[in-house]
Amino acid sequence: NAGVTQTPKFQVLKTGQSMTLQCAQDMNHNSMYWYRQDPGMGLRLIYYSASEGTTDKGEVPNGYNVSRLNKREFSLRLESAAPSQTSVYFCASSLGRAFFGQGTRLTVV
Amino acid sequence: GESVGLHLPTLSVQEGDNSIINCAYSNSASDYFIWYKQESGKGPQFIIDIRSNMDKRQGQRVTVLLNKTVKHLSLQIAATQPGDSAVYFCAETSDNRLAFGKGNQVVVIP
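Predicted model, so just to flag it, every value in this text is computed and none were measured.

Reading the values: rules and limits
Residues numbered from 1 in each chain as written. Chains lettered and ligands numbered in written order. Predicted model: local features only at pLDDT ≥ 70, side-chain atom pairs only at ≥ 80, totals over all residues. Heavy atoms only, no water. Helix = DSSP H or I, 4+ residues; strand = E, 2+ residues; numbered from the N terminus. Rg over C-alpha atoms; globule rule 2.2 N^0.38 Å. Contact = heavy atoms within 4.5 Å. Areas by Shrake-Rupley, 256 points an atom, 1.4 Å probe, with all protein chains shown as cover. Lys, Arg positive; Asp, Glu negative; His and termini not counted. Charge placed at Lys NZ, Arg CZ, Asp CG, Glu CD. Buried area = accessible area lost by both parts, 1.4 Å probe. Salt bridge = Lys/Arg side-chain N within 4 Å of Asp/Glu carboxyl O. Core = buried A, V, L, I, M, F, W, Y, C linked by side-chain atoms within 4.5 Å. Buried < 20%, exposed > 50% of the residue type's maximum accessible area, 1.4 Å probe, protein only. Pairing = 2+ DSSP bridges. Axes fitted to C-alpha atoms, helices over the stretch in contact; angles between N-to-C directions. Polar contact = N/O pair within 3.5 Å; in protein donor to acceptor, adjacent residues only side chain to side chain. Phe/Tyr/Trp six-rings, centres within 6.5 Å; stacked < 30°, edge-to-face > 60°. Lys NZ or Arg CZ within 6 Å of the ring centre and 35° of its normal.

Visitor: Can you walk me through the overall build of chain B in this structure?
Guide: Within chain B, the regular secondary structure consists of zero helices and 10 strands. In terms of overall dimensions, chain B is globule-like: its C-alpha atoms have a radius of gyration of 14 Å, near the 13 Å expected for 110 residues. The principal-axis extents of the C-alpha atoms in chain B amount to approximately 40 × 30 × 20 Å. The long-range share in chain B, meaning contacts at least 24 apart out of those at least 6 apart in sequence, stands at 53%. Total accessible area on chain B stands at roughly 5700 Å², and carbon and sulfur atoms take up 45% of it. Chain B carries 10 positive and 10 negative side-chain charges, and their two centres are separated by 4 Å.

Visitor: Mind showing me how you'd approach the interface of chain B and chain A here?
Guide: Where the parts come together, the accessible area they lose is often given as the size of the interface. The partner chain A presents 23 residues to the 24 residues of chain B that form the contact. Here chain B packs against chain A, burying approximately 1900 Å² in sum over the two surfaces, 56% of which is carbon and sulfur. When the buried surface of chain B facing chain A is broken down by residue, N96, R97 and L98 of chain B rank first, second and third, together holding 28% of it. There are zero salt bridges connecting chain B and chain A.

Visitor: Can you help me understand the nonpolar core in this one?
Guide: For soluble globular proteins, nonpolar side chains are generally found buried alongside one another. Residue and element names in this part refer to chain A. Formed by 20 residues in total, the largest nonpolar core has its most connected members in W34, I46, L76, L78 and Y89. When residues of this core are traced back to their parent elements, those giving at least two are strand 3 (19-25), strand 4 (31-38), strand 5 (42-49), strand 8 (74-78), strand 9 (87-95) and strand 11 (104-108). Look past the residues within four positions of L78 in its chain and what remains in contact with it is Q17, S18, M19, L21, G63, Y64, Q85, Y89 and L106.

Visitor: Whenever I open this one, the sheet that holds strand 5 (residues 56-58) of chain B confuses me. Can you help?
Guide: Remark on secondary structure: sheet strands pair via backbone hydrogen bonds, oriented parallel or antiparallel. All names here are of chain B. Taking strand neighbours across the sheet as the criterion, the four strands line up as 2-7-6-5 in an open arrangement whose pairing is antiparallel. In the strand order of this sheet, the two ends are held by strand 2 (19-24) and strand 5, each with one partner. For this sheet the average axis-to-axis angle between neighbouring strands, irrespective of direction, equals 15 degrees. Taken together, the three bridges between strand 5 and strand 6 (residues 62-67) define a ladder with antiparallel strand orientation. When the bridges of strand 6 are listed, R57 appears paired with V64.

Visitor: Looking at this structure, how should I read the environment of Y35 of chain A?
Guide: Mapped onto the secondary structure, Y35 of chain A falls in strand 4. Beyond its immediate stretch of four places on either side in the chain, Y35 of chain A contacts L43, R44, L45, I46, V88, Y89, F90, A92 and F100 of chain A together with L98 and F100 of chain B. A distance of 2.5 Å separates a polar side-chain atom of Y35 of chain A from the backbone oxygen of L98 of chain B.

Visitor: Any chance you could explain the packing of aromatic side chains here in plain terms?
Guide: Two measures describe an aromatic ring pair: the distance that separates the ring centres and the angle between the ring planes. Counted under the stated rule, the structure contains 11 aromatic pairs over all chains. Ring centres 6.5 Å apart and planes at 80 degrees place the aromatic pair F90 of chain A and F100 of chain A in the edge-to-face group. Of this pair, F90 of chain A sits in strand 9 while F100 of chain A sits in strand 10 (residues 97-100), placing them 10 residues apart in sequence. Taken as a pair, F90 of chain A and F100 of chain A share a single burial class, namely buried. In this arrangement the basic side chain of R51 of chain B is found over the ring face of Y32 of chain B, its NZ or CZ atom lying 4.2 Å from the centre.

Visitor: Please explain the pairing of strand 7 (residues 65-68) of chain A as it appears in this structure.
Guide: Along any regular strand, the residues point their side chains to alternate faces of the sheet. All names here are of chain A. Burial along strand 7 is one-sided: the face carrying V66 and R68 is buried and the face carrying N65 and S67 is not. Where strand 7 and strand 8 come together, four bridges link them in antiparallel fashion. Opposite V66, over in strand 8, you have L76 as the bridge partner. Between strand 7 and strand 8, which pair antiparallel in sequence order, lie five residues.

Next comes the structure, spelled out in structure tokens:
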């Protein structure tokens, strides 16, 4: 039982490159979330998915897209990375309390 | 790497003393509240939760208080230990949306 698994753990991108952050949970949770965390800013919600097949914008969705591929997986895509997207990204899933992955540290140069 | 606690309000507490961390939430429709602890380089970890039909809930060494009238949440940690040093976040849920406060850093002085 792995909980919430994020890949990759670290990534460096050049401005304009694209990439997808992967997230999978094995707890059969309906809700999944993507957050970014910057120093002094707490966790800001990018997108969330209340159930398979649905996604909704959070607080800071610009520059991102998401896919709820199935109940287990919720991916976050950066189509054209910008230095402002340098951050630590966390995926979470919940059925009440939320469980978090270990994070992806992304640097855009 | 950069500390997640950079520029956050900081509470310094002597080992063995009690800690109180406060949080104001904004959405009066929120019906479920959670406190998380985050250590450097790790994801947030669940500490304790409370539903809006309660005003107090106790766990092991931790107590959460909810005042819906003034939209205020607090976390009390009894007999604070060095392992309690971390950043603490409150979170609120409404309509499946989980939103976090900015966090408070707790530093335990041995």
